[in-house]
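Each chain is listed here by its residues.
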Amino acid sequence: MSEYLNQLSESQRQAVEYIDGASLVVAGAGSGKTRVLTYKIAYLLEHGIAPYSILALTFTNKAAREMKSRIAQIVGESEVRRLWMGTFHSIFSRILRRESETIGYSSDFTIYDAQDSKNLIKTIIKEKALDEKLYKPAQIQAQISKVKNALITPELYVQDRELSEYDQLMNRPRTAEIYANYWERCKTAGVMDFDDLLLYTYILFNKHQDIVERYRNMFRFILVDEYQDTNHVQHEIVRQLAAEHQRVCVVGDDAQSIYSFRGANIGNILNFQKIFPETRLFKLEQNYRSTQTIVNAANSLIKKNLKQIPKTIYSKKSVGEKIPIITAYSDFEEGYIVASRIAEMRMLNNYAYSDFAILYRTNAQSRIFEESLRKINIPYRIYGGLSFYQRKEIKDIVSYMRLITNPKDEEALKRIINYPTRGIGDTTVAKIAAAANLHHVSLWQVASNPIAYNLNINSGTAKKLAAFCGMIQSLIDTAHTQDAYELGIAIIKETDFKTELYEDKTPEGLSRVQNIEELLNSLQAFVLARREEGDPNILLGDFLAEISLMTDADTDDAENANRVTMMTIHSAKGLEFKNVFVVGMEEDLFPSEYMSMHPAEIEEERRLFYVAITRAEENAILTYSKSRFRNGQTQTCRPSRFLADIDESFLKGAKPKTERYGEPVAPHTFKILSAPNVSPAKAVSTSSETSSGLSVGDRVRHHRFGVGEVLSLSGADENAKAEVMFDHFGVKNMLLHYAKLEPITP
DNA sequence: GAAGCCCACATTTTT
DNA sequence: TGTGGGCTTC
C-alpha cells in the first residue's frame, strides 16, 4: 500500500511522514517539492485523515490541478474530489460563499478582476473631480491592494498616521476617502476584488470565534505550497486556522521569492519557525533537474544574497556543459545569435523546439526574438500579454453572466448596458450612478426603477432603459430553470451578439467569434463534468465562480506543443526546459532600472536570476548586448553585475568586466531559528561618518521625501554626500550641503 | 460611435 | 519606437 514511499528519497520521505505538528519544507529548485506535497497528502489519507479535513493551498489553479491529478493516481479520483485543495482565492471564495451572510454579502457575489477595480477607482476619482495626474488610478489601486493585504480597512486607514502622512507627502490627501468609497461601492454592488477574498476571510475568522473554530476543527491538516510567495493576509489566515493544532506543513524556497512587488513577504517563510515554535525543518537539497554545473553556478550566485535559509543544493546528474556568456553588439544581433544557436543545437543534439526557452526580464524584449526566430522559421510561443478572459468579447459575455447572477454588479452593468449599442450613453449611466450613490443602492436598483429615484431622463431613454432591464430581468427569471450552458446560449441570442459580431468577417472578427464559441464550449464542458460528478443543476453562478479566478496560465493548448517558449522569468517559475537562454543580462535591464540600489531589491532581482538559471536541465546560456534600442533610442549597455556573481569555474570563457557595485561585504547566511525582523541589510559604505554628524543607519527626515534611512556616506565637507533610502521614495543621493537632513531619534 | 490626432509613457503580475 | 488613452470632429 505504501509502496509509493519507496519512490521518495530519504529526505523527501522524512518530510512526507512527519504529520504530528508544524513543519517547514525548504525545497530547493528542482528538488521534487510537488512530489513531497502530493505524497504527503496521500500519506495523510492513508493514515485515516478524511479528505475533507485536508486543506491544501496553492497559488495557481495549474499547480492545484496538477497535484490533484497526481494524488488521484495514488488514491483515486473520488477521494481527491473531496479534498479542500485549490488556490487561496478559490478556496476562500468557497468559504466566503458559505458564510456570506455573516459578513453582509450574498452568496452570489461576483468578482472584480484588476481591470474592473481600476475602472471603479477611476470612476470614483472622476466623480470627486480630483486631478488624475495626482490621483493616478493605477497607483491608488496599488495602494488599496497593499493596505488590504496589510489588513487595513477604510476605518483603520483614516486612523493610520503613517498612511496619512504618506498621502500628504504624495499630495493626495483624499486617498482614504477614495478607498472608503471604493469599499462601500463594492459592498453595494455585491462584489469582491481579489484582495477582498483574502481580507474578508481574515475578518470573518477574526470576528467570529464560532466560525473560525468550526474551520479549525474541520481542517485537521493544512498544507501550503510556495510559502515564500504568501503575503501578510495569507500568512495570517494560515495562522488563524493552524495556530491551535499546529498541523500545518508549508513548502517553499526562500531563494525563489520573486513576488514582493505583489505583496509577497519573504519574512513569512524566514520567520515561520518563530510563529510555530515546534516546527520541524526539512530541507530538500538534492536537485533532480539540472546538471552539476548549473546547480553549482546558481549556488555561487545566490550565495551573494545575505538573507537566506542555509542550505546546500547539489546535483548528482552529470557535470554538464559550462555556461557560456555571449556578447552581442546590438539587441538585433542578440536575437540573431540566439535564433541560430537554437537551430544549431537542435541539429547537433536532436532537440525538439520545445526543449528551448528564451527568458527575459521584460515583455518588451520578446519582439526582437520573435523576429529573429521567424526569420529562420523556428516556431515559437510567447506567454504573457492578454489572457483569454481579458479579451474584450469574453469580458463582454462574462459581464452579462455576472449581471444575471448578481444584477448589482456595477462594472458588469456599465460594461454592457450599451453594448451592443442600444442608445444608453455615458450621460445616462452617469446619472444612474449619481442617483445610486446618493441613495446608497446599486446601479441596477436605479436603472430598473428610474421613477422611484427621480432619474432625470427623457422618455426615449427611459424606454430604452426599460427594454434593457426587461431583457436582463427575463434572463434572470429563467436562470433558475435553465442550466448554465442553456443560459449562456440564451444570452448570446437575446443580446444580439450574433448580429453584432458574427457579421464581422475580418480576421479579428472571426477570431472574436471563435473565442466566444470557445467560452461556450468550456461552459458546456463544465456543465457536463459537474453533472457527471452527480450535481444535477448547474447554475451560471457556479461557472462564473470558477472562471473569475482563472488566468491564461490555466488555458494550455496542445497545438502549440513543439515550439520554442518565450516568457518573462517571472512566468517561468516552476517550469523546466532542457535549454534555457537568459537574455538581456545588462545593467538597468536586469537588474531592472526601476530597482533602486536598495540591497533588498537587488537581492530580489538576484533571486529572479537564480530562478532563471535553475529552469535549465542541460544548458543555460546567458547573453547580453552592448547596445539596445529602448524607449525610442539606442542606449549603450553595460553587462549585468549578476554575471560577476557567478563563480568563474562554471562559466565558459572569461567573464565580461563588470563594475563594482556597493553591495554586501561578506556573504553570510540567515539564521532562521533566531530570525530577527527582516530589516533590510545595510549597504557597505566608504566611511561610516562624516563631518555632518550623520552615520550609516540613522533615520533622517527630508522636507520633500519624508523619512528615510542613511545607507551610506561619502565625501567630506561641502562634498559630503549621503545615500538615503526613503520609506516612500526609494534611494536618493544627496549633497548634505544642500539637502537639509534632520536626524530623527527613534 | 468611428476615426483621427496629440500627448504621455515606457517592470515583473500566481488571483 | 509604439502604444494606449483622451480628446475633438464628423
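As a starting point, this report considers the structure included with it. (Residues numbered from 1 in each chain as written. Chains lettered and ligands numbered in written order. Predicted model: local features only at pLDDT ≥ 70, side-chain atom pairs only at ≥ 80, totals over all residues. Heavy atoms only, no water.)

1. Digging into the pairing of strand S1 (residues 23–27)
Thinking step 1. The buried count for S1 comes to 5 of 5 residues, which makes it a mostly enclosed element.
Thinking step 2. Sheet topology note: the S1/strand S7 (residues 248–252) ladder contains 4 bridges and is parallel. Each residue of the ladder has a partner; that of Val26, found in S7, is Gly252. (Buried < 20%, exposed > 50% of the residue type's maximum accessible area, 1.4 Å probe, protein only. Helix = DSSP H or I, 4+ residues; strand = E, 2+ residues; numbered from the N terminus. Pairing = 2+ DSSP bridges.)

2. Here's the deal with the nonpolar core
Thinking step 1. Grouped together as the largest cluster of nonpolar side chains are 67 residues, with contacts concentrated most on Ile95, Phe205 and Val248.
Thinking step 2. With 8 residues, the top contributor of residues to this core is helix H11 (residues 194–207).
Thinking step 3. Residues within four places of Val248 in sequence aside, it is in contact with Gly21, Ala22, Ser23, Ile222, Val238, Ala242, Phe272 and Phe276.
Thinking step 4. Within the second largest apolar cluster, 53 residues are counted, among which are Val398, Ile416, Val429 and Ile472. (Core = buried A, V, L, I, M, F, W, Y, C linked by side-chain atoms within 4.5 Å. Contact = heavy atoms within 4.5 Å.)

3. A word on the protein's contact with DNA strand B
Thinking step 1. Taken together, 24 residues sit near DNA strand B, with Arg262, Arg361, Thr421, Thr551 and Thr568 positioned nearest.
Thinking step 2. Each atom of DNA strand B within 4 Å of the protein belongs either to a base or to sugar and phosphate, the latter forming 49%.
Thinking step 3. A distance of 2.4 Å is found between a base oxygen of DNA strand B and a side-chain nitrogen or oxygen belonging to Arg361.
Thinking step 4. At a separation of 3.3 Å, a sugar or linking oxygen of DNA strand B approaches a polar backbone atom of Leu549.
Thinking step 5. Of the residues in the surface near DNA strand B, the class split is 6 nonpolar, 14 polar and 4 charged. (Near = heavy atom within 4 Å. Polar contact = N/O pair within 3.5 Å; in protein donor to acceptor, adjacent residues only side chain to side chain. Nonpolar A, V, L, I, M, F, W, Y, C, P; charged D, E, K, R; others polar.)

4. Remarks on the sheet that holds strand S8 (residues 280–284)
Thinking step 1. Taken in spatial order, the 6 strands make up an open sheet running S3-S2-S6-S7-S1-S8, and their pairing is parallel. The open sheet has two edge strands, strand S3 (84–87) and S8, and neither has a second partner. Along the sheet, successive strands turn relative to each other by an average axial angle of 15°, direction set aside.
Thinking step 2. The strands that helix H5 (residues 88–98) touches are strand S2 (54–58), S3 and strand S6 (221–224); relative to S3, the one it contacts most, it runs at about 120°. (Axes fitted to C-alpha atoms, helices over the stretch in contact; angles between N-to-C directions.)

5. Here we look at the protein's contact with DNA strand C
Thinking step 1. In the vicinity of DNA strand C, the residues found are Lys122, Arg367, Phe629, Asn631 and Gly632.
Thinking step 2. Considering the 4 Å shell around the protein, atoms of DNA strand C inside it are sugar or phosphate in 61% of instances.
Thinking step 3. Within the side chain of Lys122, an N or O atom sits 2.7 Å from a phosphate oxygen of DNA strand C.
Thinking step 4. The side chain of Arg367 places a nitrogen or oxygen atom 3.1 Å from a phosphate oxygen of DNA strand C.
Thinking step 5. Its residues assigned to classes, the surface near DNA strand C comprises 1 nonpolar, 2 polar and 2 charged.

6. Looking at the environment of Asp645
Thinking step 1. Structurally, the position occupied by Asp645 is in helix H30 (residues 641–645).
Thinking step 2. Of the residues examined, Asp645 reaches a relative accessible area of 9% and is grouped as buried.
Thinking step 3. Through-space distance from the C-alpha of Asp645 to that of Asn562 is 34 Å; in sequence the pair is 83 residues apart.

7. With respect to the packing of helix H19 (residues 392–405) against helix H26 (residues 507–532)
Thinking step 1. Two elements in contact, H19 and H26, have axes whose closest approach is 9 Å; the angle formed by their N-to-C orientations is 40°. When the axis of H19 is compared with that of H26, the two are oblique. Handedness of the H19/H26 crossing: right-handed. Note on element contacts: H26 touches H19 through Ser511, Arg512, Asn515, Ile516, Leu519 and Leu523, opposite Glu393, Ile394, Ile397, Val398 and Met401. (Parallel < 35°, antiparallel > 145°, perpendicular 65-115°, else oblique. Left-handed = near helix turned anticlockwise from the far one by under 90°.)

8. Section: unusual backbone geometry
Thinking step 1. A cis amide bond links Tyr419 to the next residue, Pro420, at an omega of -5°.
Thinking step 2. Each neighbour pair has its own omega, and for Phe590 with Pro591 the value is 10°, a cis peptide bond.
Thinking step 3. For Pro591, the location among the structural elements is in the loop between strand S15 (577–582) and helix H29 (599–613).
Thinking step 4. In this structure, Asp588 takes a positive phi of about 70° despite not being glycine.

9. With respect to the environment of Pro407
Thinking step 1. Mapped onto the elements of the fold, Pro407 is located in the loop between H19 and helix H20 (410–416).
Thinking step 2. Spatially, the C-alpha atoms of Pro407 and Ile476 are 8.6 Å apart, while their sequence positions differ by 69 residues.
Thinking step 3. Those residues within four positions of Pro407 in sequence are excluded, and the remaining contacts are Arg402, Trp444 and Ile476.

10. Regarding the side chain of Gln286
Thinking step 1. With respect to the helices, strands and loops of the structure, Gln286 is situated in strand S9 (residues 286–287).
Thinking step 2. With relative accessibility at 16%, the residue Gln286 sits in the buried group.
Thinking step 3. Among the polar contacts listed, one links the side chain of Gln286 to the side chain of Tyr288, at a separation of 3.4 Å.
Thinking step 4. Dropping the residues within four chain positions of it, Gln286 is found in contact with Gly30, Ser31, Tyr314 and Lys316.

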